[in-house]
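# Survey of secondary and tertiary structure
Okay, here's what each chain looks like letter by letter:
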Amino acid sequence: MIEFSDALVRRRGNGIKIYGREAFEGMHRVGRIAAECLDGLAAHVYHGTTTDAIDKLVFDFGMAHDALPAQLMYRGYRHSCCTSLNHVVCHGQPNDKPLREGDIINIDVTFIKDGWHGDSSRMYTVGEVPRRALRLIEITYESLMRGIGVVRPGATTGDIGAAIQEFAEAEHCSVVRDFCGHGVGLEFHEQPSILHFGRPGEGVPLEPGMIFTIEPMINLGRPQVKVLSDGWTAVTRDRSLSAQFEHTVGVTETGVEIFTLSPAGLHCPPYADAA
């Protein structure tokens, strides 16, 4: 069995970083910051507030925890988080438009603490939302957890994608193919890419010390997306609802560790029932 390296980090021949135990400790610290931030936002997603206000809360939370929002000024991005509303698949930019009853929204945060990156996102609901929207959210969360559930030494990235795709499509939803998860650790985006569709046994073999995100984007309609003229915001082409959940995980000698679990148990809305 391949065991954890004592080194902080080493590279495989394909450029994938293999992290050691000390790195996992750092990822747990920054992952908890990301998770606590998302926990705190649950009380601030309501009719009439704006995503600009949410963005400021994310920035202030990071500053209070000596953690820098990684999105801020990343490739020119001017916000501390991404806020993707209704048919926005990912990379929605905060603005001054008020949220409305029935909206669903993904909030994606990444913090840097002591050089480590903790990346996570969750769905939130604004008041009462249609049953089809709640169903999409539930399917997307379960898709994420099924993908995480197959992570272990000897599995492959294709196993992750296959688990997600099989479940989501059986529920008559579609998996977005234009975006994927990614390695993360000392850098915001590293190898390998984690596709959310695929075939069992294909892709990159997993081994202890690999750290990456799994972040499926699931649509009620077709999987096709388009990026708007701002160069960031990706939306469904058919204007169908989209949802996403994301965790940062690490492969261990026996399975997987999730670095961004909610300390408050606020894993999937409606959060009032989970508190």
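For the structure itself, look to the data block above.
Here's a quick rundown of the structure. In this text, all values refer to a predicted model and were calculated from it rather than measured experimentally. (Residues numbered from 1 in each chain as written. Predicted model: local features only at pLDDT ≥ 70, side-chain atom pairs only at ≥ 80, totals over all residues. Heavy atoms only, no water.)

## Concerning the sheet that holds strand 8 (residues 174–175)
- Reading across the sheet, the three strands line up as 8-12-15 and stay open at both edges, with antiparallel pairing between neighbours. Of all strands in the sheet, those bounded by a partner on one side alone are strand 8 and strand 15 (242–244).
- Across two bridges, strand 8 lies against strand 12 (residues 217–219) in antiparallel orientation. When the bridges of strand 12 are listed, valine 175 appears paired with isoleucine 218.
- Across the sheet, helix 3 (residues 131–149) lies against strand 12 and strand 15, angled at about 35° from strand 15, the strand it touches most. (Pairing = 2+ DSSP bridges. Helix = DSSP H or I, 4+ residues; strand = E, 2+ residues; numbered from the N terminus. Contact = heavy atoms within 4.5 Å. Axes fitted to C-alpha atoms, helices over the stretch in contact; angles between N-to-C directions.)

## Details of the nonpolar core
- Formed by 63 residues in total, the largest nonpolar core has its most connected members in Ile107, Val109, Phe111, Ile160, Phe212 and Ile214.
- Residue contributions to this core peak at nine residues, all from helix 1 (residues 21–41). (Core = buried A, V, L, I, M, F, W, Y, C linked by side-chain atoms within 4.5 Å. Buried < 20%, exposed > 50% of the residue type's maximum accessible area, 1.4 Å probe, protein only.)

## Some remarks on the pattern of salt bridges
- Counted under the stated rule, the structure contains eleven salt bridges.
- For glutamate 142, the salt bridge identified is with arginine 146, shortest N-O distance 2.9 Å. Of this pair, glutamate 142 and arginine 146 both sit in helix 3, four residues apart, which is roughly one turn of the helix.
- Residue arginine 146 is classed as partly exposed on the basis of its relative accessible area of 40%.
- Salt bridges sharing partners connect three or more residues here, namely Lys17, Glu187 and Glu190. (Salt bridge = Lys/Arg side-chain N within 4 Å of Asp/Glu carboxyl O.)

## So, the environment of leucine 261
- For leucine 261, the position within the fold is in the loop between strand 17 (256–258) and helix 5 (271–274).
- A residue is classified by how much of its surface remains accessible, and leucine 261, at 41% relative accessible area, is partly exposed.
- Taking C-alpha positions, leucine 261 is 6.1 Å from alanine 35, a pair spaced 226 residues apart along the chain.
- Those residues in contact with leucine 261, other than ones at most four positions away along the chain, are Ala35, His247 and His267.

## Details of helix 2 (residues 51–64)
- If you check helix 2, its first and last C-alpha atoms are 20 Å apart, about what 14 residues at 1.5 Å a residue would give, namely 20 Å.
- On its buried face, helix 2 sits against helix 1, strand 4 (82–85) and strand 6 (104–113).
- Looking at the residues trailing helix 2, positive phi occurs at aspartate 66, about 55°. (Expected span 1.5 Å × (residues − 1).)

## Here's the deal with the environment of glutamate 36
- One can find glutamate 36 in helix 1.
- When its relative accessible area of 25% is taken as the criterion, glutamate 36 is described as partly exposed.
- Taking the C-alpha atoms as reference, glutamate 36 lies 27 Å from glycine 161; in sequence the two are 125 residues apart.
- Leaving out residues up to four positions away in the same chain, glutamate 36 has contacts with Phe61, His65 and Pro263.

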